[in-house]
Amino acid sequence: MKVFISADIEGIAGVVHREHTTRDGREHDRARMLMTEEVNACIEGALSVGATEIVVNDSHGTMRNLIPEAMHPDAEYITGSPKTLAMMEGISPEFDAALFVGYHSRMGNDGILNHTFHGGVIRNIKINNLDMGEIALNAGIAGVFRVPVALVTGCQYAAEEAAEFIPGIKTAVVKHTINRQTAKNLSPQKARSLIKEKTIEALSSLHKIQPVNMQGPFQVEVTYLHPGLADAAGILPIVERVNSTTHSFETDDLITAFRYIRSLIAIAGALN
């Protein structure tokens, strides 16, 4: 069994503030260790049910968060950016399952540190009139390769978002959002134990989970936080201006849609 893990940081138990999530935050190194250990718990669960190859993609911010010397020795990991597939870099049809560790809910939903790819740029992303956060869009990318997403870990709202989009998915709720920067967390030890347990459950019931199958053509709308960001991203010739803060474009291919979305975010984000 080959397992792909995409690891973010906002959904890690104990992470509640930008001082945890940004590289200049005084508590960032502590959050990195918490993230690494939750990933290791997921790896341990996968190994216990027979995983023979595990690849972890560091998926937060600069994508240089996982602590190399603390990583489980039986997994390989992808670190650094830019990456063509960003949070899903490394996914391929060879994998039997994808697992999302430390994920968060989308901008517009409740949830600790919720955002969609770039909290300083994006208000919303719609594909075929469906609101898409990182969980949904990344699951769609996995689906292009016929890989089911079997597990999401994070707060209760991330779990709800995942369950709405991926029937049969297992979730590990390691903290409960109180407000956007406050949560009731499991202890690190209990969070890791839960993640290991739910990883075992997820990989033991893969036959019940189907890959996400998003059918094109795709009508995409990207809405920014303010018109200046839309002005900047409008340099990309594929987009049409819908209103002062929204671009739209069409494509028949989900990977192409994803790459355009990432390009628009990168261009607009250069203003920040």
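Further up the page is the structure itself.
Quick look at the structure, then. (Residues numbered from 1 in each chain as written. Predicted model: local features only at pLDDT ≥ 70, side-chain atom pairs only at ≥ 80, totals over all residues. Heavy atoms only, no water.)

1. Here's the deal with the nonpolar core
Alright, step 1. In this structure, Val56, Ile127 and Tyr224 are the most contacted members of the largest nonpolar core, which totals 91 residues.
Alright, step 2. Aside from chain neighbours lying at most four places away, what touches Tyr224 is Val121, Ile122, Arg123, Leu229, Ala230, Ala233, Thr245, His247, Leu264 and Ala268. (Core = buried A, V, L, I, M, F, W, Y, C linked by side-chain atoms within 4.5 Å. Buried < 20%, exposed > 50% of the residue type's maximum accessible area, 1.4 Å probe, protein only. Contact = heavy atoms within 4.5 Å.)

2. Here's the deal with the environment of Phe249
Alright, step 1. Mapped onto the secondary structure, Phe249 falls in strand β12 (residues 246-251).
Alright, step 2. In this structure the C-alpha to C-alpha distance between Phe249 and Val222, which are 27 residues apart in sequence, comes to 8.8 Å.
Alright, step 3. Setting aside residues up to four positions removed in sequence, Phe249 forms contacts with Phe218, Gln219, Val220, Ile238, Val239, Ala257, Tyr260, Ile261 and Leu264. (Helix = DSSP H or I, 4+ residues; strand = E, 2+ residues; numbered from the N terminus.)

3. Some words on the sheet that holds strand β2 (residues 53-58)
Alright, step 1. Across the sheet, seven strands lie side by side as β3-β2-β1-β4-β7-β8-β9; this open sheet has mixed pairing. Of all strands in the sheet, those bounded by a partner on one side alone are β3 (76-78) and β9 (182-185). Each strand of the sheet is rotated relative to its neighbour by a mean of 25°, with strand direction disregarded.
Alright, step 2. As paired elements, strand β1 (residues 2-7) and strand β4 (residues 97-103) share five bridges and run parallel to each other. Residue Ile5 lies in a different strand from β4, and its bridge partner there is Leu99.
Alright, step 3. This element, helix α2 (residues 28-48), spans β1, β2, β4, β7 (149-155) and β8 (170-179) of the sheet and lies at about 160° to β2.
Alright, step 4. Here helix α3 (residues 134-144) sits on the sheet and contacts β4 and β7; the angle it forms with β4, its principal contact strand, is near 160°. (Pairing = 2+ DSSP bridges. Axes fitted to C-alpha atoms, helices over the stretch in contact; angles between N-to-C directions.)

4. What to know about the packing of aromatic side chains
Between two aromatic rings, the relevant description is the distance of the centres plus the angle of the planes.
Alright, step 1. Applying the stated criterion across every chain yields a total of four aromatic pairs.
Alright, step 2. Geometrically, the ring pair formed by Phe117 and Phe258 is edge-to-face, given 6.2 Å between the ring centres and 70° between the ring planes. Here Phe117, found in the loop between β4 and β5 (122-127), pairs with Phe258, found in helix α7 (residues 254-269); they are 141 residues apart in sequence, far enough to count as distant.
Alright, step 3. What makes Phe258 buried here is its relative accessible area of 1%.
Alright, step 4. Positioned above the aromatic ring of Phe95, the side-chain terminus of Lys2 is 5.1 Å from the ring centre. (Phe/Tyr/Trp six-rings, centres within 6.5 Å; stacked < 30°, edge-to-face > 60°. Lys NZ or Arg CZ within 6 Å of the ring centre and 35° of its normal.)

5. What to know about the environment of Val121
Alright, step 1. With respect to the helices and strands, Val121 occurs in the loop between β4 and β5.
Alright, step 2. Separated by 146 residues in sequence, Val121 and Ile267 place their C-alpha atoms 9.9 Å apart.

6. Here's the deal with α3
Alright, step 1. Burial runs high along α3: 10 of the 11 residues are buried.
Alright, step 2. Residues of α3 that are buried include every one of Glu134, Ile135, Ala136, Leu137, Asn138, Ala139, Gly140, Ile141, Ala142 and Gly143, and no others.
Alright, step 3. Buried residues belonging to α3 abut β4, β5, β7, α4 (156-165) and α7.
Alright, step 4. Downstream of α3 by one or two residues, Arg146 has phi in the positive range, about 60°.

7. Observations concerning the sheet that holds β12
Alright, step 1. Pairing is antiparallel in the open sheet, where five strands are placed in the order β6-β5-β10-β12-β11. At either margin of the open sheet sits one strand with a lone partner, and together these are β6 (130-131) and β11 (240-243).
Alright, step 2. Relative to β6, β5 runs antiparallel, the two sharing two bridges. Looking at the pairing, Ile127 lines up with Leu130 of β6.

8. Regarding the pattern of salt bridges
Side chains that carry opposite charge are capable of pairing whenever their charged atoms lie near each other.
Alright, step 1. In total, this model carries eight salt bridges according to the counting rule given.
Alright, step 2. Here Lys2 makes a salt bridge to Glu94, at a shortest N to O gap of 2.7 Å. Remark: Glu94 occurs in the loop between β3 and β4 and Lys2 occurs in strand β1; sequence separation between them is 92 residues.
Alright, step 3. Under the relative-accessibility criterion, Lys2 is labelled buried at 15%.
Alright, step 4. The exposure class assigned to Glu94 is exposed, which follows from its relative accessible area of 54%.
Alright, step 5. With a shortest N-O distance of 3.9 Å, Arg26 and Glu19 are connected by a salt bridge.
Alright, step 6. Each of Lys2, Glu53 and Glu94 takes part in salt bridges that share partners, so that together they form one network. (Salt bridge = Lys/Arg side-chain N within 4 Å of Asp/Glu carboxyl O.)

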